[in-house]
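# Coordinates in review
Residue strings, one per chain:
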Amino acid sequence: MVRLLGPQDRLLLTIEKQYPLVVVAVRGNRITLSGDADQVHSARVLVDELVHMVREGVDLGPVEVTSSARILESKSGSPAELLSQSILTSRGRSIRPKTLGQKEYVDAIDTNTIVFGIGPAGTGKTYLAMAKAVQALQRKEVERIILSRPAIEAGERLGFLPGSLTDKIDPYLRPLYDALNEMMDPELVPKLLAAGTVEVAPLAYMRGRTLNNAFVVLDEAQNTTPEQMKMFLTRLGFGSKMVVTGDVTQVDLPAGASGLQLVTTILDEIDEIHFARLTSADVVRHSLVGQIVDAYTEYDAGKQLEKFERDERRSRKATP
């Protein structure tokens, strides 16, 4: 019951928020639901699924509760079956998809050669891709992992960084190292890096290479130019997989089109290439992150509409 309800009954409050017409009472090991008949039925199905997930060893949090409610509402299947699939177990903690969108993203990586994970911050695009890469290496499905990012500053000038070339590019690649150390034995990671089994490199280092028997992840792909994106994708070799992740609403390029935005229209119809589009519903950080994403999306849509209407008015005035 403690794992089901959470500390300070936090998960119980999440269930009540999902079904505001239901009153949830807990005494000992007994949960009583009362209120609107339809919502009581839905809440009972949700609680049964959560109990099943706890028995399967899933550590429940508010994200799992809200995701399970959405899955049941959309009639997409059993949350206990969809969200109990573990990718990796690291330091006693299981890495698994937490939303339906994440589950579809992970399944797409299994069944396609190239997958684009496109969505806002906090949707687990890169984290899940790296978990699948580590899983593939452990299963000997690939011989090495290659992780890459474009070295683009996020809207501010950092100046000339001290040290060697490695020291200069390290800050841009640090998020990939951090995730890698979470998923693997930290003592093993330096050995794999030294042996070349795991490689973390800026995008510029990919030119001229053919990447065979590798799991390749390109992060922050919204900051690639169309030419860089073409260069990267054509590095694909035999026995390899590629996952490209990015958020098209956070482009830091100084000028010109984003390679990630353009590639969605160029490669959309090719077999073995899949575009997984995650949304604010797949955000697994603080609940405020999803609301922030939605607010900015609404603001950007309003700005685009204003620009369109302004251009239309100018066009009418210019027409004799």
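### Section: the overall build of the protein chain
Helices and strands together make up the secondary structure of the protein chain, namely 12 helices and 10 strands. For the protein chain, the proportion of its 320 residues judged to be buried stands at 43%. Long-range pairs, those at least 24 residues apart, make up 68% of the contacts in the protein chain between residues at least 6 apart in sequence. Total accessible area computed for the protein chain in this model is approximately 18,000 Å², and 52% of it derives from carbon and sulfur atoms.

### Details of helix H6 (residues 100-111)
Counting along an α-helix, one turn takes 3.6 residues, and residues three or four places apart therefore face a common direction. Look at H6: 17 Å from first C-alpha to last across 12 residues, which is about the 16 Å you get at 1.5 Å a residue. All of the buried residues along H6 are Gly101, Gln102, Lys103, Tyr105, Val106, Ala108 and Ile109. On the buried face of H6, the contacting elements are helix H5 (79-82), strand S5 (114-118), helix H7 (125-138), strand S8 (214-218), strand S9 (241-246) and strand S10 (273-277).

### As for the environment of Gly259
With respect to the secondary-structure elements, Gly259 resides in helix H11 (residues 259-266). The exposure class assigned to Gly259 is buried, which follows from its relative accessible area of 2%. Each C-alpha atom of the pair Gly259 and Thr225 lies 4.5 Å from the other, and the pair is 34 residues apart in sequence. Discounting residues that sit within four places of it in the chain, Gly259 has contacts with Thr224, Thr225, Pro226 and Met229.

### Structural notes on a nonpolar patch on the surface
On the surface, a cluster of nonpolar side chains totalling about 330 Å² of accessible area is made up of Leu288, Ile292 and Tyr296. Note that Tyr296 resides in helix H12 (residues 287-318).

### Focus on the packing of aromatic side chains
Summed over the entire model, instances satisfying the criterion amount to one aromatic pair. A centroid spacing of 4.6 Å and a plane angle of 10° characterise the contact between Phe116 and Phe275, whose relative ring orientation is stacked. With a gap of 159 residues between them, Phe116 in strand S5 and Phe275 in strand S10 connect regions that are remote in the sequence. For the residue pair Phe116 and Phe275, the accessibility class agrees, reading buried in each case.

The rules behind these values
- Residues numbered from 1 in each chain as written.
- Predicted model: local features only at pLDDT ≥ 70, side-chain atom pairs only at ≥ 80, totals over all residues.
- Heavy atoms only, no water.
- Helix = DSSP H or I, 4+ residues; strand = E, 2+ residues; numbered from the N terminus.
- Buried < 20%, exposed > 50% of the residue type's maximum accessible area, 1.4 Å probe, protein only.
- Contact = heavy atoms within 4.5 Å.
- Areas by Shrake-Rupley, 256 points an atom, 1.4 Å probe, with all protein chains shown as cover.
- Expected span 1.5 Å × (residues − 1).
- Patch = residues over 30% accessible without salt bridge, like charges linked within 9 Å, V, L, I, M, F, W, Y side chains within 5 Å.
- Salt bridge = Lys/Arg side-chain N within 4 Å of Asp/Glu carboxyl O.
- Phe/Tyr/Trp six-rings, centres within 6.5 Å; stacked < 30°, edge-to-face > 60°.

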